[in-house]
Amino acid sequence: MGIIPGGLLMAERLIFHVDVNSAFLSWTAVYRVKVLGDTLDLRNVPSVIGGDRESRKGIVLAKSTPAKRFGIRTGEPLGTALEKCPSLIVAKADYGLYVDASRAFISILHDFSPDVEQCSIDEAWVDMTGTAQLYGSAMTAAGLIQRRMREELGFTVNVGISSNKLLAKMAGDLEKPDKIHTIFPEEIPKKMWPLPVGDLFLVGHATETKLKAMGIYTIGDLATADPALIQRRLHKPGITLWHFANGRCSDQICSIPRDNKGYGNSVTLPADIASRGEACQVLLSLCETVGMRMRRDGKKGRCVTVHLRTPDFRDISRQCQLESVTDVTKELYDVACALFDALWDQNTPLRQLGVQVTRISEDYGRQFSFFEQGYGARYDRMAKMDRAVDALREKYGESVIFRARFADQVDRQLAGGLSKERRTNVTKPV
Amino acid sequence: MEQKICPVEMISICSTDGQLMPVRFRFESESHEICTVQISEVVCVKQTNYVGIEALLYVCKAQMEHAERLLELKYTVRTHRWVLFRAVY
């Protein structure tokens, strides 16, 4: 405890990270048992929540603890999972249910503290600073949260406790399910440093490979490494990771969702495509979705990225900086097509295409250029047209107006993103 | 074995203070007969919110097939649907 002027005691920061165990699977299991009256609890048998296999989105979205023992991993194809465990029960995802469960989950957290930052559909940080008088020790408060989740909503959660968001998240991931763990700064060498470096928050597969090539295998190795060396190899993000490994994170709990850093949509196609015409049509539908989302949020972007995935799951991408920020679908589409032409060998079949716009700003001014081809005067008119189309779609439905190109497949004019029934704004507007 | 819940048609009383009380219901049996059941007593009511689905669970006594039965009837607030959740005895 510190003392602030006036003689009042100032409590040290206390942050909880609350994470639903196997969220989608838990929620489906509880729904089946408690609402539908089934006797079989999916959490106690090898089971997974799977995507739609027919539209080639058949991947494992969540798995039960018994399924984990068969080596089944989140994100792997359902076919592979069934090979590992032929008796595996595959349940369909129910996004409406997950949204209800998520809202109830966040609502309970709000009973404990006004400062709740939801970081995904099933995870949130809670600022519990100064609540000792209300709930007792941190462990007691965490136990109370767990109990309320279990008794009222029917599922279990992990609670990580620390003095900042990063350490709370790391503590929450230490052991699952239904556990409470702490990693306070003085516990870092004992609890966090022996973990593999890949377990550190924000260290993905590519970064892990780079770190291992430098002889850094554990979080402790990274924490004690020379920051200059890390910066040379991993640049600025490397320094962030080095601070993370030392348990330093200055992020505050932010109850209001942060602005998007980028707007991107991708689509896995029902069948591979191998012609430019088809690919451009998909790119157009993606640009429609991305542009519409940006316009709805009143944002514009300067950097366009196109990414392609081949049937053997090889990802390639290319990006381009624009002269001026834009949210015009046609302009995004033209840039996306140019990037696509530079990227694609005109031969390899494509499984997935994606378009992303980054370097977002609210600056509405447009720098017109003498050398701009075609857009100069037409830009304002195209922007107006896009807004009119958005307004029509908002009022009368998405299929009320479409480009002639999509005349025979109106349902494909807005690719990517969530289907209508899944657009719920539970985390971020999608 | 999976236990299937049975949707029912319900006559209920909404009191002036917002209390909802089941009175009589009917359902289609496995042999496709319509069975009507009069509730003789509401033993207790429990409010549930599993996975965020707000519901009221009524434990009721009723005469069925010439015997007293203890039933759990559930009312889902959002969908306004009643189901026979299970027969305790």
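Quantities reported herein were computed from a predicted structural model and do not represent experimental measurements.

With that settled, consider the overall build of chain B. Scanning chain B from terminus to terminus reveals zero helices and six strands. Relative to the 2.2 N^0.38 estimate, which gives 12 Å for 89 residues, the radius of gyration of chain B is 13 Å and therefore close to what a compact globule would have. Principal-axis analysis of the C-alpha atoms gives chain B an extent of 35 × 30 × 20 Å. Split into buried and exposed, the 89 residues of chain B put 22% on the buried side. Contacts in chain B between residues at least 24 apart in sequence constitute 22% of all its contacts with a sequence separation of at least 6.

This part is about the overall build of chain A. Check the secondary structure of chain A and you find 14 helices and 14 strands. Oriented by its inertia axes, the alpha-carbon framework of chain A measures out at about 65 × 55 × 50 Å. Counting over 430 residues, chain A shows a buried share of 36%. The contacts of chain A with a sequence gap of at least 6 include a subset with a gap of at least 24, amounting to 59%.

Residue-level contacts link eleven residues of chain B with 18 residues of chain A. Of the residues assigned to the side of chain B that touches chain A, the class counts are six nonpolar, three polar and two charged.

All names here are of chain B. Judged from the ten bridges that link them, strand E4 (residues 55–64) and strand E5 (residues 67–76) form a sheet pairing that is antiparallel. Within E5, the residue paired with Gln63 across the bridge is Glu68. Hairpin connection of E4 to E5: two residues between the antiparallel strands, including Glu65 at a positive phi of 50°. Bridge count for E5 against strand E6 (residues 81–87) is six bridges, and the pairing is antiparallel. Counterpart to Lys74 in the pairing with E6 is Val83. Linking E5 to E6, which pair antiparallel, is a turn of four residues; within it His80 sits at a positive phi near 55°.

Think of two packed helices as two axes; the pair is described by the angle between the axes and how far apart they sit. Residues and elements named next belong to chain A. At a minimum axis separation of 11 Å, helix H4 (residues 95–112) and helix H6 (residues 138–153) run at an interaxial angle of 145°. Where H4 crosses over H6, the handedness of that crossing is right-handed. Of the residues in H6, those touching H4 at Ala101, Ala104, Phe105, Ile108 and Phe112 are Ala141, Ile145, Arg148, Met149, Glu152 and Leu153. Looking at side-chain class alone, the contact of H4 with H6 contains nine nonpolar, no polar and two charged residues.

Before going further, it helps to spend a moment on the sheet that holds strand E7 (residues 116–120) of chain A. Residues and elements named next belong to chain A. Across the sheet, five strands lie side by side as E7-E8-E3-E9-E10; this open sheet has mixed pairing. The open sheet has two free edges, formed respectively by E7 and strand E10 (180–182), since each of these has just one partner strand. Strand-to-strand, the axes of this sheet are offset by a mean angle of 20°, without reference to chain direction. Sheet strands touched by H6: strand E3 (15–20), strand E9 (157–162) and E10. Its angle to E9, the strand with the most contacts, is close to 160°.

All names here are of chain A. Taking strand neighbours across the sheet as the criterion, the four strands line up as E11-E14-E12-E13 in an open arrangement whose pairing is antiparallel. Whereas interior strands pair on both sides, the edge strands pair on one side only; in this sheet they are strand E11 (262–273) and strand E13 (315–326). Going from strand to strand, the sheet's axes swing by 15° on average, the running direction of each strand aside. Across nine bridges, strand E12 (residues 300–309) lies against strand E14 (residues 350–361) in antiparallel orientation. Counterpart to Val306 in the pairing with E14 is Val355.

What follows covers the domain arrangement of chain A. When the domains of chain A are assigned, the result is domain 1 (193–245) and domain 2 (262–366 + 409–422). Computed over C-alpha atoms only, the centres of domain 1 of chain A and domain 2 of chain A are separated by 32 Å.

Phe16, Trp27, Val126 and Leu222 of chain A together with Val51 of chain B are the most contacted members of the largest nonpolar core, which has 75 residues in total. Here the element with the most residues in this core is helix H1 (residues 23–35) of chain A; it accounts for eight residues. Beyond its immediate chain neighbours, meaning those up to four positions away, Val126 of chain A contacts Phe16, Val18, Leu109, Phe112, Ser113, Asp115 and Val116 of chain A. Core analysis: the next-biggest nonpolar cluster, separate from the first, contains 27 residues, Val304, Leu308, Leu332 and Tyr333 of chain A among them.

Next up on the list: unusual backbone geometry. Residues and elements named next belong to chain A. Of note, the amide linkage connecting Lys176 to Pro177 takes the cis form, showing an omega dihedral of -10°. Position of Pro177 among the secondary structure elements: in the loop between helix H7 (165–172) and E10. The phi torsion at Ser22 lies on the positive side, around 40°, for a residue other than glycine. Within the secondary structure, Ser22 sits in the loop between E3 and H1. C-beta crowding within 10 Å serves as the criterion here: with 27 such atoms nearby, Ser22 is assigned to the buried category. One non-glycine residue, His235, lies in the positive phi region at around 60°.

The rules behind each value
- Residues numbered from 1 in each chain as written.
- Chains lettered and ligands numbered in written order.
- Predicted model: local features only at pLDDT ≥ 70, side-chain atom pairs only at ≥ 80, totals over all residues.
- Helix = DSSP H or I, 4+ residues; strand = E, 2+ residues; numbered from the N terminus.
- Rg over C-alpha atoms; globule rule 2.2 N^0.38 Å.
- Buried ≥ 20, exposed ≤ 12 C-beta atoms within 10 Å, placed from the backbone.
- Contact = placed C-beta atoms within 7 Å.
- Nonpolar A, V, L, I, M, F, W, Y, C, P; charged D, E, K, R; others polar.
- Pairing = 2+ DSSP bridges.
- Axes fitted to C-alpha atoms, helices over the stretch in contact; angles between N-to-C directions.
- Left-handed = near helix turned anticlockwise from the far one by under 90°.
- Domains from an automatic or database assignment.
- Core = buried A, V, L, I, M, F, W, Y, C linked by C-beta atoms within 7 Å.

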